[in-house]
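These are the residues of each chain, in order.
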Amino acid sequence: MNNPVIIVGAGLSGLRAASLLTEQGIKCRVLEARDRIGGRVLSASDANRPDLGRFDLGPTWFWPQYESHITSLVKELNLETFVHYNKGDILLERFQIKPPERCVLQEDSDEKWMRLTGGVQSLIDALAETIPSEIVDLETRVKKIQLNESGDITVEAELADGKREKILADAVILALPPRLVARYIEFSPSLPPNLMNDIIKKPTWMANEAKVVAVYNRPFWRESGLSGFVLSSVGPLQEIHDASPDKGSGALFGFFGMPAEVRQKMGKDKVLKLVTDQLVKLFGSEAKNIKAIFYKDWSNDSETAVEEDCSPLKDYQSYGQPPVEGIWEKKIIFAGTETNSQCSGHLEGALQSAEQAVIEIINLNNESLHQASSDTTTSIK
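In this report, we go over the structure that sits alongside the text. Just so you know, these numbers come straight off a predicted model, no measurement behind them.

Rules used throughout
Position numbers for residues count from 1 along each chain, tracking the sequence in the order it is written. Reporting of local features is limited, given that this is a predicted model, to residues whose pLDDT is at least 70; pairs of side-chain atoms are given and counted only at 80 or more, and all residues count toward the totals for whole chains, interfaces and linings. The side-chain figures draw on all heavy atoms in the structure; neither hydrogens nor water molecules are used. Between any two strands, at least two bridges found by DSSP are needed for them to pair. The way it works is that DSSP assigns letters per residue, a run of H or I at least four long becomes a helix, a run of E at least two long becomes a strand, and they are numbered from the N terminus. Note on definitions: angles span 0 to 180 degrees between N-to-C directions of axes, and those axes are lines fitted to C-alpha atoms, for helices only across the stretch in contact. Here a polar contact is taken to be a pair of N or O atoms separated by no more than 3.5 Å, where protein atoms must pair a possible hydrogen donor with a possible acceptor and residues adjacent in sequence count only if both atoms sit in side chains. Here, residues are in contact when the closest pair of their heavy atoms is within 4.5 Å. The salt bridge definition used is simple: a Lys or Arg side-chain nitrogen within 4 Å of an Asp or Glu carboxyl oxygen. Each residue gets one of three labels from its accessible area relative to the maximum for its type: buried under 20%, exposed over 50%, partly exposed in between, using a 1.4 Å probe on protein chains only. The nonpolar core is taken to be a set of buried Ala, Val, Leu, Ile, Met, Phe, Trp, Tyr and Cys residues, with the residues joined through side-chain atoms within 4.5 Å. Planes of paired rings set the category: under 30 degrees apart is stacked, over 60 is edge-to-face and the rest tilted, where pairs are Phe, Tyr or Trp rings (Trp by its six-membered ring) whose centres lie within 6.5 Å.

**Details of the sheet that holds strand β10 (residues 141-147)**
Turning to step 1, where the next piece is worked out: Spatially, β12-β11-β10-β14 is the arrangement adopted by the four strands of the open sheet, whose pairing is mixed. What marks the edges here is a single partner per strand, and that holds for β12 (164-169) and β14 (186-188). In this sheet, neighbouring strand axes are inclined to one another by 20° on average, regardless of whether the strands run parallel or antiparallel.
Turning to step 2, where the next piece is worked out: Strand direction decides the pairing type here: β10 and strand β11 (residues 153-158), joined by six bridges, are antiparallel. Along β11, the bridge assignment pairs Val142 with Ala157.

Listed below in structure tokens is the structure:
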């Protein structure tokens, strides 16, 4: 392979693919539209209170008993982990005008929810250390991918200053949500209708979601025998978990039951006021003493969601590899959690899809080397 493999997207899939290709000695380049790496992995901290810790606004857990790829990678990168706290009772909030019900949590002793010390961003940062920094280009938005009659690929990208760059590639790994590919990248020749239809139908994981984390000096709810786990049918948060670091501060994070359109119409300040009121109702007056609060609405993140994602996620069956056939076969390869049918929506799915994409690239590279060797032998004869 004479030209680099272009990887579109510097999330977990894209960075893992770049790391594996670099390890194999295969040239690659990562193009990322955002001004940061990580994609939907986002861990936030308060610049004024770094002692409180770093908190996940994207994915949070992995399950080592089911997910071997991320478990192996975490071990390979020497990352610190701890078991998610779930000791104590849970709260059920079924009525707006009544206090929550306290219930005993039925714990599955075999199932461990693991978290990364420093948040999932620590995984992204460690992966980035395994690849040359110069091959990752931020604020570089892929606009067009062109395939000529000879089978040569040209990737056209828009840079931060508005200028355009054309890059020759031997293959392209599309490591971003499929719906973003369909919406924002022009293909010449056009992708086959069945492929376009498939990627448009793949809902983007988390694209309809928002997440909030309230941080306290300590996890005070544990002192009352509570796990921090809440299920609510009145909201605005429908599911709450303990998000405290392994040591030090305390934190609670929640997923919203409130639809994306309602959140956006209401605005951040009103949403957070409702969140605080709910936490006080659930955990008492001490829940007012919030030291930092982080909020991320993925539905209005243009690098994550498109209009079709505003509806709640329902069609899980559409996840899996898109059917790339015809002239684009072996030219474009999809990666990302939506393209993995086994663990879609999980960090594990993102890693499995990246590893599968790299296997395809290695096979292409071997074919190229074999062809070059055959051509050399023929010319000698």
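**Comments concerning the side chain of Asp297**
Turning to step 1, where the next piece is worked out: Among the structural elements, Asp297 can be located in strand β19 (residues 292-297).
Turning to step 2, where the next piece is worked out: Side chain to side chain, Asp297 and Ser299 meet in a polar contact 2.5 Å long.
Turning to step 3, where the next piece is worked out: Not counting chain neighbours up to four residues away, the residues in contact with Asp297 comprise Glu209, Ala210, Arg263 and Gln264.

**A look at the sheet that holds strand β2 (residues 28-31)**
Adjacent strands of a sheet form backbone hydrogen bonds with each other and so pair up, either parallel or antiparallel.
Turning to step 1, where the next piece is worked out: Taking strand neighbours across the sheet as the criterion, the five strands line up as β9-β2-β1-β13-β20 in an open arrangement whose pairing is parallel. Among the strands making up the open sheet, the edge pair consists of β9 (136-137) and β20 (332-334).
Turning to step 2, where the next piece is worked out: In the sheet, strand β13 (residues 171-174) pairs with β20 via three bridges, with the strands oriented parallel. Looking across to β20, one finds that Val172 is bridged to Ile332.
Turning to step 3, where the next piece is worked out: This element, helix α1 (residues 12-23), spans β1 (5-8), β2 and β13 of the sheet and lies at about 160° to β1.

**Quick word on the pattern of salt bridges**
Turning to step 1, where the next piece is worked out: Taken as a whole and assessed by the stated rule, the structure comprises 24 salt bridges.
Turning to step 2, where the next piece is worked out: Here Asp89 makes a salt bridge to Arg102, at a shortest N to O gap of 2.8 Å. Of this pair, Asp89 sits in strand β6 (residues 89-93) while Arg102 sits in strand β7 (residues 101-103), and the two are 13 residues apart along the sequence.
Turning to step 3, where the next piece is worked out: Ionic pairing is found between Lys144 and Glu186, a salt bridge with its closest N-O pair at 3.9 Å. With Lys144 in strand β10 and Glu186 in strand β14, this residue pair connects regions lying 42 residues apart in the sequence.
Turning to step 4, where the next piece is worked out: Classification of Glu186 as partly exposed rests on a relative accessible area of 45%.

**Observations regarding the nonpolar core**
Turning to step 1, where the next piece is worked out: Ile7, Leu12, Leu21, Leu123, Ile173 and Ile361 are the most contacted members of the largest nonpolar core, which totals 42 residues.
Turning to step 2, where the next piece is worked out: Those elements that place two or more of their residues in this core are β1, α1, β2, α2 (68-76), β8 (114-116), α3 (121-128), β13 and α8 (347-380).
Turning to step 3, where the next piece is worked out: Element by element, the count of residues in this core is highest for α8, at eight residues.
Turning to step 4, where the next piece is worked out: Once you skip the residues sitting within four places of it in the chain, Ile361 turns out to touch Met1, Val5, Leu21, Ile26, Ala171, Ile173 and Ile333.
Turning to step 5, where the next piece is worked out: Of all hydrophobic cores here, the second largest spans 27 residues; its members include Leu147, Ile185, Ile332 and Phe334.

**Looking at the packing of aromatic side chains**
Turning to step 1, where the next piece is worked out: Within the structure shown, the criterion is met by 13 aromatic pairs.
Turning to step 2, where the next piece is worked out: An angle of 75° between the planes, with centres 4.6 Å apart, marks the rings of Trp61 and Trp113 as edge-to-face. In this pair, Trp61 is assigned in the loop between β4 (55-56) and α2 and Trp113 in the loop between β7 and β8, connecting sequence segments 52 residues apart.
Turning to step 3, where the next piece is worked out: Residue classification places Trp61 among the buried residues on the basis of a relative accessible area of 12%.
Turning to step 4, where the next piece is worked out: Both rings, one in Phe187 and one in Trp328, keep their centres 5.5 Å apart while their planes meet at 90°; by these two values the pair is edge-to-face. Within this pair, whereas Phe187 is found in strand β14, its partner Trp328 is found in the loop between β19 and β20, the two being separated by 141 residues in sequence. The same class applies to Phe187 and to Trp328, which are both buried.
Turning to step 5, where the next piece is worked out: One aromatic cluster is present, formed by Trp61, Trp63, Trp113, Phe253 and Phe255 through successive ring pairs.

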